[in-house]
Amino acid sequence: MKIKDVSKLTGLPISTLRFYERKNLIPDTFVKRDVNNYRIYSEEVVEFLNDVKALLSVDFSIEELCLLVNQGLNLTYEVKKKIVEQKIREIEDVQQRLRKSKKFLHAILEGKANFQTQC
């Protein structure tokens, strides 16, 4: 499949796909070149890129994703596991802050919070 097809199926601009390739975020197993040197993507790249989008939505950086994906770096499973575990801790911290904020907002609505604004 050509890059424009991948772009349509994933909702990612062609420039983003090329950027991901430059960063080695898309493994070579998903991209080949034809005789004219055009990129030919395997169908599995769509699911992979949807996973990338999901990870980016939970605040993985491009650099972190590159560490997890780039086979040339030869990171051990344990190192990759620590990166993911750290991200889980960060998400849990955000969830805790959101729970506290939600509790406070409910207290405001119920008139139990000592909170006043000047309007």
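Report follows, based on the coordinates. Keep in mind it's a predicted model, so treat the numbers as computed, not measured.

What counts and how
Residues numbered from 1 in each chain as written. Predicted model: local features only at pLDDT ≥ 70, side-chain atom pairs only at ≥ 80, totals over all residues. Heavy atoms only, no water. Salt bridge = Lys/Arg side-chain N within 4 Å of Asp/Glu carboxyl O. Helix = DSSP H or I, 4+ residues; strand = E, 2+ residues; numbered from the N terminus. Buried < 20%, exposed > 50% of the residue type's maximum accessible area, 1.4 Å probe, protein only.

### Re the pattern of salt bridges
Working definition: two side chains of opposite charge can pair if their charged atoms are close together. All told, the structure shown has 5 salt bridges when counted by the stated rule. When the shortest N-O distance is used, the salt bridge between Arg39 and Glu21 registers 2.9 Å. In this pair, Arg39 is assigned in strand E2 (residues 39–41) and Glu21 in helix H2 (residues 14–22), connecting sequence segments 18 residues apart. Accessibility expressed as a relative area gives 21% for Arg39, which makes it partly exposed. The exposure class assigned to Glu21 is buried, which follows from its relative accessible area of 17%. Taking the shortest distance from any N to any O, the salt bridge between Glu64 and Lys87 comes out at 3.2 Å. Of this pair, Glu64 sits in helix H4 (residues 62–69) while Lys87 is found in helix H5 (residues 77–109), placing the two residues 23 residues apart along the sequence. Given the relative accessible area of 21%, Glu64 is considered partly exposed.

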